[in-house]
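Listed below are the residues making up each chain.
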Amino acid sequence: MISLEPELHTLRGTIGDRAADLLIARERREVFSLYPEVRLLAWAGAMLLATAAGIILKDNYERIGPHAIAVLIALVAAACYIWTWRRRSRASIADDSVLLLGALLVSADVAFIESQFHLLGDAWYRHFLIVAVVHGLGAYLYGSRALLTLSIIAGAAWLGIEQGTINTLDTTQFSIRASLCGALLLLWRAVNRRPEFAVTFEHFAANFFLLAAMARTDDGGIEQAIACLATIAVAALVIVWGFRTRREAFVLYGFVYAVIAADVLLLERVKDEAITFLIVLVSMIAAIALLLFIHARFDQLGPERPSHER
Amino acid sequence: MNAEHERAWLLRGRAAAWHKEGLLDGAAEQAILAAHPQPWRVYGLLAQLVFFVLTCVGAGACYFFFALGSDTFAGLFTGVGAIALAELLIRAKRWWATGVEAALWIAGMLSLISTLPSSGKPEALLVLAAAFAVAGGRLRQPLFGTIAAGIVVHYFEERSDLGVLAALTIAALAMVALLRTWRRVSTEWLLILTTLVVPIAGRFYAGAEWRKTTIALYAAFGTLALVLALVKRHHAWFLTAAAALTIAVVDAARTIPAPLEAKLAAGGAFLLALSFLVSSILRNRTSGFVLTPATLTDFDDDLRLPPPSP
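Not measured: the values here are computed from a predicted model. (Residues numbered from 1 in each chain as written. Chains lettered and ligands numbered in written order. Predicted model: local features only at pLDDT ≥ 70, side-chain atom pairs only at ≥ 80, totals over all residues.)

### Concerning the overall build of chain B
Argument step 1. When helices and strands are counted, chain B shows 12 helices and one strand.
Argument step 2. Put simply, chain B runs from its N terminus to its C terminus through helices and strands in the order α-α-α-α-α-α-α-α-α-α-α-α-β.
Argument step 3. For the C-alpha atoms alone, the extent of chain B along its principal axes is close to 65 × 60 × 35 Å.
Argument step 4. Relative to its 310 residues, chain B shows a buried fraction of 41%.
Argument step 5. Across chain B, every contact between residues at least 6 apart in sequence was considered, and the portion connecting residues at least 24 apart equals 63%. (Helix = DSSP H or I, 4+ residues; strand = E, 2+ residues; numbered from the N terminus. Buried ≥ 20, exposed ≤ 12 C-beta atoms within 10 Å, placed from the backbone. Contact = placed C-beta atoms within 7 Å.)

Rendered as structure tokens:
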């Protein structure tokens, strides 16, 4: 195992005795945090329980009865929320997973109730909106980014953007809905009063806008060229945002989207195999050179800016 | 990159984390950076990943472009050219962990292997393992070393149906080697990845007829890892114990004639209860095992599980 103890001894004069003693104790493992392990244990436990609940809902509703099962899951979910709320002043890492479990049970129960009792009729998809609102409120009440993420995903599903729809929806429809979702998230971010949530909104919004632009790159002709150019333009904005907020992830995935769009634009117009490989080779060399330049500029910036300064 | 530079790289990363934790002020962090300069061009993992993929795509395009003429020429030209370019970047430009030189080295090795006649024998796997080992050794790239170990496990499975035993033997050796204090960070990471990943890969070779033996082997391996983790304190051993014991328990659970949802619920409740128990035991402790927030990698914040409640 690695130990930076020798370096810390030489740095004692620079960092002070107190910090040096604390850090050396860590290197010697006299102080060893089990935080990641306990968090992982709790998270795995919550996921297993949520999966078990899903199987119970799917396979046992006829045997137990849909009413009883819906009430039972709702009670367990409520118990999770109440447990976390009552322990909020002395919360441990494990409590976050209980909250997540409660939220997942709410999602499963609302979907189950709608599938069994058809309370919303033809507007069944509105159950996603109910889930989004519940999780959104929960996110603010408990200050949980995990619940915020569930809320955004449910909201996107309500708008028709979920796994698989990119293949089943008309690309124009998908593009419009993803753009709308991105715009709503930016609006939400603007009125958000919890600074720690800002980056979650930003990542989701950036990806929805990029997906909206990319969706139409499968179309042929002029629409495809416009979609590729639009993707490059959105990617450029995401990269600029990454520079502004000093967050490398925006810069990197914005760049990857732009490279894919540029290659689609070029390759769709080429039929010859040799020229195709040559274009890919040259475009990758150009992309690496450009990314080296962008990355060097990024490295010259200071540390990440807090959300309230952006 | 020599051991001193590897340690400087680690220390610079740790200094930023300590500053973020509030253990050091900005001036102390800057003093550490000044005292431990990094003469190599090194990037974070996310940037390395993007550069690696772009370079691999470029090298692949180069190979297939020349393969339109001759496979042998394509393999030799791409192989020699890629490795020569990687060495030029390392020696002349001092690129080390950028992702580019790693992609060039492995693409070069694989291109050269493609020129060899195909024998169809399992021993061919050893050539592939050697390619990863050579690239990993030259670049001190732990992932390549772990892939080489994984291919060796596959060879033993193909050759003698001994995949599980080979995996657990290699992982046990790496686990024990982790007891030693290493100078190089890359060696530490190679041992961590091998200890953690190879047993999981080995499980895929476990036949149903050997179920009881598999359960016993993984339970013994997991227990050894857990004992080492508790006595010597290393996150890698805790994670390895968790992975190995999970494999043993999942395989054992298959022999129990109970509904899947009941087994999942029991497992989930156990893990959640265990996390609460550990949390309550370690609450307010300041030495030995503690629960102060800590991360396993630089990416925990980006890929984080449910965040702490206020």
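### Observations regarding the overall build of chain A
Argument step 1. Along its length, chain A carries 15 helices and one strand.
Argument step 2. Expected size for 310 residues packed as a compact globule is a radius of gyration near 19 Å; at 25 Å, chain A overshoots this value by more than 25%.
Argument step 3. On the principal axes, the C-alpha backbone points of chain A span a range of 70 × 65 × 40 Å.
Argument step 4. Put simply, of all contacts in chain A between residues at least 6 apart along the chain, 54% involve residues at least 24 apart. (Rg over C-alpha atoms; globule rule 2.2 N^0.38 Å.)

### Comments concerning the interface of chain A and chain B
Argument step 1. Every contact between the two is made by 66 residues of chain A and, on the other side, 67 residues of chain B.
Argument step 2. Those elements that provide at least two residues to the side of chain A that touches chain B are helix H2 (12–15), helix H3 (17–27), strand E1 (31–33), helix H4 (35–59), helix H7 (93–117), helix H9 (145–158), helix H14 (248–267) and helix H15 (273–299) of chain A.
Argument step 3. A total of 17 residues in the side of chain A that touches chain B trace back to one element, the largest contributor, which is H4 of chain A.
Argument step 4. Grouping the constituent residues of the side of chain A that touches chain B by class yields 44 nonpolar, 11 polar and 11 charged.
Argument step 5. Bridging between E1 of chain A and strand E1 (residues 288–290) of chain B involves three bridges; their strand directions are parallel. Opposite Val31 of chain A, over in E1 of chain B, you have Gly288 of chain B as the bridge partner. (Nonpolar A, V, L, I, M, F, W, Y, C, P; charged D, E, K, R; others polar. Pairing = 2+ DSSP bridges.)

### Structural notes on the environment of Ile56 of chain A
Argument step 1. Of note, Ile56 of chain A is situated in helix H4.
Argument step 2. The exposure class assigned to Ile56 of chain A is buried, which follows from the 22 C-beta atoms found within 10 Å.
Argument step 3. Between the C-alpha atoms of Ile56 of chain A and Ser3 of chain A, which are 53 residues apart in sequence, the distance is 49 Å.
Argument step 4. Apart from residues no more than four positions distant in its own chain, Ile56 of chain A is found in contact with Ile69 of chain A together with Glu261 of chain B.

### Brief notes about the packing of helix H11 (residues 171–191) of chain A against helix H12 (residues 198–214) of chain A
All names here are of chain A.
Argument step 1. Contact geometry for H11 and H12: axes closest at 8 Å, N-to-C directions at 160°. Between H11 and H12, the angle falls in the class roughly antiparallel. Pair H11 / H12 crosses with left-handed handedness. Residue-level contacts link Ser175, Ala178, Ser179, Cys181, Gly182, Leu185, Leu186, Trp188 and Arg189 of H11 to Ala198, Phe201, Glu202, Phe204, Ala205, Phe208, Phe209, Leu211 and Ala212 of H12.
Argument step 2. Residues of the contact of H11 with H12, tallied by class, amount to 13 nonpolar, three polar and two charged. (Axes fitted to C-alpha atoms, helices over the stretch in contact; angles between N-to-C directions. Parallel < 35°, antiparallel > 145°, perpendicular 65-115°, else oblique. Left-handed = near helix turned anticlockwise from the far one by under 90°.)

### So, the confidence of the model for chain B
Residues and elements named next belong to chain B.
Argument step 1. When pLDDT is averaged along chain B, the result is 90, and 95% of the positions lie at 70 or above.
Argument step 2. Put simply, helix H2 (residues 26–35) is where chain B has its lowest mean pLDDT, 86, and helix H5 (residues 100–114) is where it has its highest, 96.
Argument step 3. Here residues 302–310 scores under 50 on pLDDT; set against residues more than four positions off or in separate chains, the count is 26 contacts.
Argument step 4. Scoring the predicted complex yields pTM 0.87 and, for the interface, ipTM 0.86. (pLDDT = per-residue confidence, 0-100.)

### Details of unusual backbone geometry
Argument step 1. Phi angles above zero are rare outside glycine, and Arg246 of chain A is one such case at about 60°.
Argument step 2. If you trace the backbone, Arg246 of chain A turns up in the loop between helix H13 (221–245) and H14.
Argument step 3. Here Asn284 of chain B, not a glycine, exhibits a phi torsion of approximately 70°, which is positive.

### Details of the environment of Leu11 of chain B
Argument step 1. Among the secondary structure elements, Leu11 of chain B is positioned in helix H1 (residues 3–21).
Argument step 2. For Leu11 of chain B, a count of 20 C-beta atoms within 10 Å translates into the label buried.

### Side note on helix H6 (residues 124–139) of chain B
All names here are of chain B.
Argument step 1. An ideal rise of 1.5 Å per residue puts 22 Å on 16 residues; H6 measures up with 23 Å between its terminal C-alpha atoms.
Argument step 2. For H6, the set of buried residues is Ala131, Phe132, Ala135, Gly136 and Leu139. For H6, the angular spread of buried residues about the axis comes to 120°, placing them on one side.
Argument step 3. Within two residues after H6, Arg140 carries a phi angle of roughly 50°, on the positive side. (Expected span 1.5 Å × (residues − 1). Arc of directions from axis to C-beta.)

### Re the domain arrangement of chain A
Argument step 1. You can read the domains of chain A as domain 1 (1–32), domain 2 (35–158) and domain 3 (182–310).
Argument step 2. Spacing between the C-alpha centres of domain 1 of chain A and domain 3 of chain A amounts to 41 Å. (Domains from an automatic or database assignment.)

### Comments concerning the environment of Gly221 of chain A
Argument step 1. By the secondary structure assignment, Gly221 of chain A is in helix H13.
Argument step 2. When the C-alpha atoms of Gly221 of chain A and Ile285 of chain A are compared, they prove to be 27 Å apart, with 64 residues separating the residues in sequence.

### Brief notes about the packing of helix H10 (residues 211–232) of chain B against helix H11 (residues 235–253) of chain B
Residues and elements named next belong to chain B.
Argument step 1. Interaxial distance between H10 and H11 falls to 8 Å at its minimum, and their mutual angle equals 155°. The angle between H10 and H11 falls in the class roughly antiparallel. In this structure, H10 meets H11 at a crossing whose hand is left-handed. Taking contact as the criterion, the partners of Arg211, Thr214, Ile215, Tyr218, Ala219, Phe221, Gly222, Ala225, Leu226, Leu228 and Ala229 in H10 are, on H11, Trp237, Phe238, Thr240, Ala241, Ala244, Leu245, Ile247, Ala248, Asp251 and Ala252.
Argument step 2. Residue composition of the contact of H10 with H11, by class: 16 nonpolar, three polar and two charged.

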